[in-house]
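Spelled out, the chains give:
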Amino acid sequence: MKSLPSPRRTELLAAGAATVTVLLWASAFVSIRSAGEAYAPGALALGRLLAGVLVLGVICLIRREGLPPRAAWPGIVVSGLLWFGLYMVVLNWGEQKVDAGTAALVVNVGPLIMALLAGWLLKEGLPPRLLAGMAVSFAGAAVVGLSMSGEGSASVLGVLLCLLAAVAYAGGVVAQKPALRYGSALQVTTFGCAIGAVACLPFAGQLVSDAADAPLSATLNMVYLGVFPTALAFTTWAFALARTTAGKMGATTYAVPALVVLMSWVALDEVPGWITLVGGLVCLAGVAVSRSRPRTAAAAEEVGPAAAAGPVAAAPETSPEPQREQA
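Residues numbered from 1 in each chain as written. Predicted model: local features only at pLDDT ≥ 70, side-chain atom pairs only at ≥ 80, totals over all residues. Heavy atoms only, no water.

A. How the structure looks around the overall build of the protein. The helix and strand tally for the protein stands at 15 helices and zero strands. Within the protein, buried positions represent 46% of all 327 residues. Taking all contacts inside the protein whose residues are at least 6 apart in sequence as the whole, residues at least 24 apart take part in 92%. (Helix = DSSP H or I, 4+ residues; strand = E, 2+ residues; numbered from the N terminus. Buried < 20%, exposed > 50% of the residue type's maximum accessible area, 1.4 Å probe, protein only. Contact = heavy atoms within 4.5 Å.)

Laid out in structure tokens, this is it:
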């Protein structure tokens, strides 16, 4: 009989999927910088989503995924409108109004909001290690953002747009989590992306107009955003989210600023200062803390269920009471 995957194996699979997501989302910042020069925020969001829907739709047909169960639709619709639709548009718009440092500070409120919403609505709780790790990572993200801010000025509208993007991002993830109990990661991502694309259809005329004048490099970057940071990365995100908590997944995204610094260094020849590098390392340290397990849990897993059952086996005269499964 085939054994079920161990909790440790599940955790490693989730961590691997989350790593793919974070790497691709970090690469998106480089592509958005190029495509955003030729495409308006709404047009860029719609083009990205259409490319993502096309790729995801083909994969769904090949795998014969079919429609998600009815119980998954409320979460899919809400996450599609908030995360795939609203978030992408207002983030593209907000980053045109504020400097990089302000955008990093405001948007990185998202994982904090996510952890609070998940603890309240999804009953995930707020583990001390998660809160400590997120606090460390947020401090690192603040250092990265401020060190890269330059001399730009922040508008009130830009700050509000970035804050709205953070709230939409957090709300979309919290809404997506229950949907993954009923639908597969591919189903939830595909139809969420489709709903976001439908919500962005009012920008279709602008997309056609911008595409006619845009250089090939900008259009290719938009397609890249749809295929990899959207279709692939959102699917691996959903895969990981189905196997861990929304709070931990949100904390993982704090690695993005550090990776963006490294990718900009390699791809754009933007040499970061030592303060930026320190901030990036602090971000990664916070992620490590938030995803670490208490020593007692790790020790119990190493001992194994057979050894843990030893004291019960030593008392055959007492019938063991059924133990409640730990959350």
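Next comes the rest of the account.
B. Geometry of the confidence of the model for the protein. Here the protein averages 76 in pLDDT, while 60% of its residues score no lower than 70. Helix H15 (residues 310-313) is the least confidently modelled element of the protein, averaging 43 in pLDDT, while helix H9 (residues 204-213) averages 97, the highest of any element. A low-confidence stretch, residues 297-327 stays under pLDDT 50, and its non-local contacts, those more than four residues away or across chains, total five contacts. (pLDDT = per-residue confidence, 0-100.)

C. Fine view of the packing of helix H3 (residues 73-94) against helix H8 (residues 185-199). The contact between H3 and H8 brings their axes to 7 Å, and the two run at 55 degrees. The orientation of H3 relative to H8 falls into the category oblique. In the crossing of H3 with H8, the sense of the turn from one axis to the other is right-handed. Residue-level contacts link Trp73, Ile76, Val77, Gly80, Leu81, Phe84 and Gly85 of H3 to Val188, Thr189, Phe191, Gly192, Cys193, Ile195, Gly196 and Ala199 of H8. (Axes fitted to C-alpha atoms, helices over the stretch in contact; angles between N-to-C directions. Parallel < 35°, antiparallel > 145°, perpendicular 65-115°, else oblique. Left-handed = near helix turned anticlockwise from the far one by under 90°.)

D. Representation of H8 within the structure. The end-to-end C-alpha distance of H8 is 21 Å, a good match for the 21 Å that 15 residues give at a rise of 1.5 Å each. For H8, the tally of buried residues reaches 12 of 15 residues, placing the bulk of the element in the interior. Every buried residue belonging to H8 is among Ala185, Leu186, Gln187, Val188, Thr189, Thr190, Phe191, Gly192, Cys193, Ile195, Gly196 and Ala197, and all of these are buried. (Expected span 1.5 Å × (residues − 1).)

E. Main features of the pattern of salt bridges. One pass over the full model with this rule turns up one salt bridge. In this structure, Arg63 engages Glu65 in a salt bridge whose closest nitrogen and oxygen atoms are separated by 3.3 Å. Among the residues examined, Arg63 registers a relative accessible area of 55% and is labelled exposed. Overall, Glu65 belongs to the buried group, its relative accessible area being 18%. (Salt bridge = Lys/Arg side-chain N within 4 Å of Asp/Glu carboxyl O.)

F. Highlighting the packing of aromatic side chains. Per the stated rule, a full pass over the model turns up 11 aromatic pairs. Seen in terms of ring centroids, Trp25 and Trp83 are 5.9 Å apart; in terms of plane orientation they differ by 80 degrees. Their pairing is edge-to-face. On the criterion of sequence distance, the pair formed by Trp25 in helix H1 (residues 7-35) and Trp83 in helix H3 is long-range, its members being 58 residues apart. In this structure, Trp25 and Trp83 share a single accessibility class: buried. When the ring of Trp83 is compared with that of Phe84, the centres are 6.0 Å apart and the planes differ by 50 degrees; the resulting orientation is tilted. Grouped by ring-pair contacts, the aromatic residues Trp25, Trp83, Phe84, Tyr87, Tyr169, Phe234 and Trp237 constitute a single cluster. When the ring centre of Phe239 is taken as origin, the NZ or CZ atom of Arg243, which lies over that ring, is 3.7 Å away. (Phe/Tyr/Trp six-rings, centres within 6.5 Å; stacked < 30°, edge-to-face > 60°. Lys NZ or Arg CZ within 6 Å of the ring centre and 35° of its normal.)

G. Focus on a nonpolar patch on the surface. A cluster of nonpolar residues, Val20, Phe228 and Leu232, forms a patch on the protein surface that exposes about 220 Å² of accessible area. Tracing the backbone shows Val20 in helix H1. Residue classification places Val20 among the partly exposed positions, given a relative accessible area of 32%. (Patch = residues over 30% accessible without salt bridge, like charges linked within 9 Å, V, L, I, M, F, W, Y side chains within 5 Å. Areas by Shrake-Rupley, 256 points an atom, 1.4 Å probe, with all protein chains shown as cover.)

H. Spatial organisation of the side chain of Asp210. With respect to the helices and strands, the residue Asp210 is situated in helix H9. Judged by relative accessible area, which is 16%, Asp210 ranks as buried. If we skip the residues at most four places from it in the chain, Asp210 touches Ala38, Tyr39, Ala40 and Ala43.

I. Structural view of the nonpolar core. Core analysis: the largest hydrophobic core is formed by 59 residues, its most contacted members being Tyr39, Trp83, Tyr87 and Trp237. Ranked by the residues each element gives to this core, the list is headed by helix H10 (residues 216-241), at 10 residues. When near neighbours in sequence (up to four residues on either side) are disregarded, Tyr87 contacts Leu82, Ala165, Ala168 and Tyr169. (Core = buried A, V, L, I, M, F, W, Y, C linked by side-chain atoms within 4.5 Å.)

J. Local environment of the environment of Met114. Mapped onto the elements, Met114 comes out in helix H5 (residues 110-121). Met114 sits 58 residues away from Gly172 along the chain, and the two C-alpha atoms are 9.0 Å apart.

K. Region of the structure containing the environment of Leu225. By the element assignment, Leu225 lies in helix H10. For Leu225, a relative accessible area of 0% corresponds to the buried category. For the pair Leu225 and Gly52, spaced 173 residues apart in the sequence, the C-alpha separation amounts to 8.0 Å.

L. Here's a closer look at unusual backbone geometry. Within the chain, Arg64 stands out as a residue other than glycine whose phi angle is a positive 55 degrees. Locating Arg64 in the fold gives a position in the loop between helix H2 (41-63) and H3. Taking the relative accessible area as the measure of exposure, Arg64 reaches 76% and is therefore exposed.

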